[in-house]
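Analysis of the macromolecular model
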Amino acid sequence: MRQAHECGCDLVVFTECALTAFFPHWYMEDEDEIDSYFERGLPSDATRPLFEEAARLNIGFYLGFAELAFVDGRKRRFNSSVLVGGDGRIVGKFRKIHLPGHEDHRPGNPFQNLEKRYFDVGDLGFPTWNAFGGVVGMCICNDRRWPETYRVLGLRGAEMVLVGYNTPYHIPEHPEMDRLADFHHQLSLQSGAYQNGCWVVAVAKAGVEEGVSQIGKTSIIAPSGEIAAESRSLDDELVVCRCDLDATTAYKQGVLNFAGNRRIEHYGPITSQSGASAPGGTEK
Ligand code: CDV
């Protein structure tokens, strides 16, 4: 954050689950042990210095964290992110909706992908906020692979979508896709940005964390769909980009002209016969 401040940045994006190792990669049964990876609220004693430093530097941030919350008196666990303004105050919160992986222990795999075991599906929708001189939305990791994410945020006016993620190079159930990890990542970001005329800022852990190789590939995508900046290594890096939010206008109001050209009422009814698998399709 201090380095970003020296570079004149207004906003820093940290990764998904930035405060801990990505614990869904290993199997746990003990509830207290699981809870130990979760924040009970932000800012906490441990995270307050980050908020204070943001205010001191007048720099905002996106932070991914594991959140323990009580909803209607029930303990819930979410994979969450928070958007904090340059005054150190919380602008908004998002809870990850598309949780990948499985609930069961798969000891034959080199690592687990237990997000479905440790997290509840986010219950806050895809809101946007007026912040940083524009309209900003958030999502987390696997959400970035779903057109609905950008579409809903786009319909809510998002000019910039912030994404923290942790993506391993290896998918134990689909090793044939390993060589496509970088491609699928940037394909999702670039299409989401172009088709909704917005910036997408996607930031990842890179290199090896607890024995799992992460793709890194932090990427900042312009509303044209072009990669405006990206990381150059698998080490710690600050990737800086000047993002002109007015560059969204040529797409939102110009070539695509969403207000004039959207034809949602002409799509016809959407049923499960339209190609989608049955609701709640299972992970193989
Ligand atoms: N943290 C994630 O959501 N990771 C998924 C992996 C497991 C495929 C991703 O979409 O990158």
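Attention here is on the structure that accompanies the text. Model, not experiment: these values are computed from the prediction.

Definitions and limits used
- Residues numbered from 1 in each chain as written.
- Predicted model: local features only at pLDDT ≥ 70, side-chain atom pairs only at ≥ 80, totals over all residues.
- Heavy atoms only, no water.
- Salt bridge = Lys/Arg side-chain N within 4 Å of Asp/Glu carboxyl O.
- Helix = DSSP H or I, 4+ residues; strand = E, 2+ residues; numbered from the N terminus.
- Buried < 20%, exposed > 50% of the residue type's maximum accessible area, 1.4 Å probe, protein only.
- Arc of directions from axis to C-beta.
- Contact = heavy atoms within 4.5 Å.
- Patch = residues over 30% accessible without salt bridge, like charges linked within 9 Å, V, L, I, M, F, W, Y side chains within 5 Å.
- Areas by Shrake-Rupley, 256 points an atom, 1.4 Å probe, with all protein chains shown as cover.
- Lys, Arg positive; Asp, Glu negative; His and termini not counted.
- Charge placed at Lys NZ, Arg CZ, Asp CG, Glu CD.
- Pairing = 2+ DSSP bridges.
- Axes fitted to C-alpha atoms, helices over the stretch in contact; angles between N-to-C directions.
- Near = heavy atom within 4 Å.
- Polar contact = N/O pair within 3.5 Å; in protein donor to acceptor, adjacent residues only side chain to side chain.
- Nonpolar A, V, L, I, M, F, W, Y, C, P; charged D, E, K, R; others polar.

1. Focus on the pattern of salt bridges
One pass over the structure, following the stated rule, counts 18 salt bridges. Between lysine 75 and aspartate 35 there is a salt bridge, and its shortest N-O distance comes to 2.7 Å. Taken together, the residues lysine 75 in strand β3 (residues 74-84) and aspartate 35 in helix α2 (residues 31-35) connect sequence positions 40 residues apart. Taking the relative accessible area as the measure of exposure, aspartate 35 reaches 8% and is therefore buried. A salt bridge links glutamate 115 to lysine 96, with the nearest nitrogen and oxygen atoms 2.8 Å apart. With glutamate 115 in helix α4 (residues 115-118) and lysine 96 in the loop between β4 (90-95) and α4, this pair connects stretches of sequence that are 19 residues apart.

2. Some words on helix α5 (residues 147-155)
For α5, the complete set of buried residues consists of Thr149, Tyr150, Leu153 and Gly154. All buried residues of α5 project into a common sector of 120° when viewed along the axis, lining one side. On the buried face of α5, the contacting elements are β5 (128-131), β6 (134-140), β7 (160-165), α6 (181-196), β8 (199-204) and α7 (249-255). In the stretch just after α5, glycine 157 is the one whose phi turns positive, near 85°.

3. Observations concerning a negative patch on the surface
On the surface, Glu29, Asp30, Asp32 and Glu33 cluster together to form a negatively charged patch. Look at aspartate 30 and you get partly exposed, because its relative accessible area is 42%.

4. Some details on the sheet that holds β4
Reading across from one edge, β1-β2-β3-β4 is the order of the four strands in this open sheet, with mixed pairing throughout. Strand pairing shows two members of the sheet lacking a second neighbour, β1 (11-13) and β4, which therefore form its edges. Direction aside, neighbouring strands of the sheet carry axes that sit 40° apart on average. With five bridges connecting them, β3 and β4 associate as antiparallel partners. The residue bridging valine 84 from the neighbouring strand is isoleucine 90, located in β4. Most of the contacts of helix α3 (residues 48-57) go to strand β2 (residues 60-71), to which it runs at about 145°, and overall it touches β2, β3 and β4.

5. Overview of the site of the ligand
Every residue near the ligand is listed here: Glu16, Phe22, Lys96, Pro100, Asn113, Glu115, Cys141, Asn142, Arg144, Arg145, Asn166 and Thr167. Residue lysine 96 places a side-chain N or O atom 2.8 Å away from an oxygen atom belonging to the ligand. Between glutamate 115 and the ligand, the recorded distance is 3.0 Å, taken from a side-chain N or O atom to a nitrogen atom. Taking 320 Å² as the accessible area of the ligand by itself, protein coverage stands at 90%. Its residues placed into classes, the shell around the ligand shows three nonpolar, four polar and five charged.

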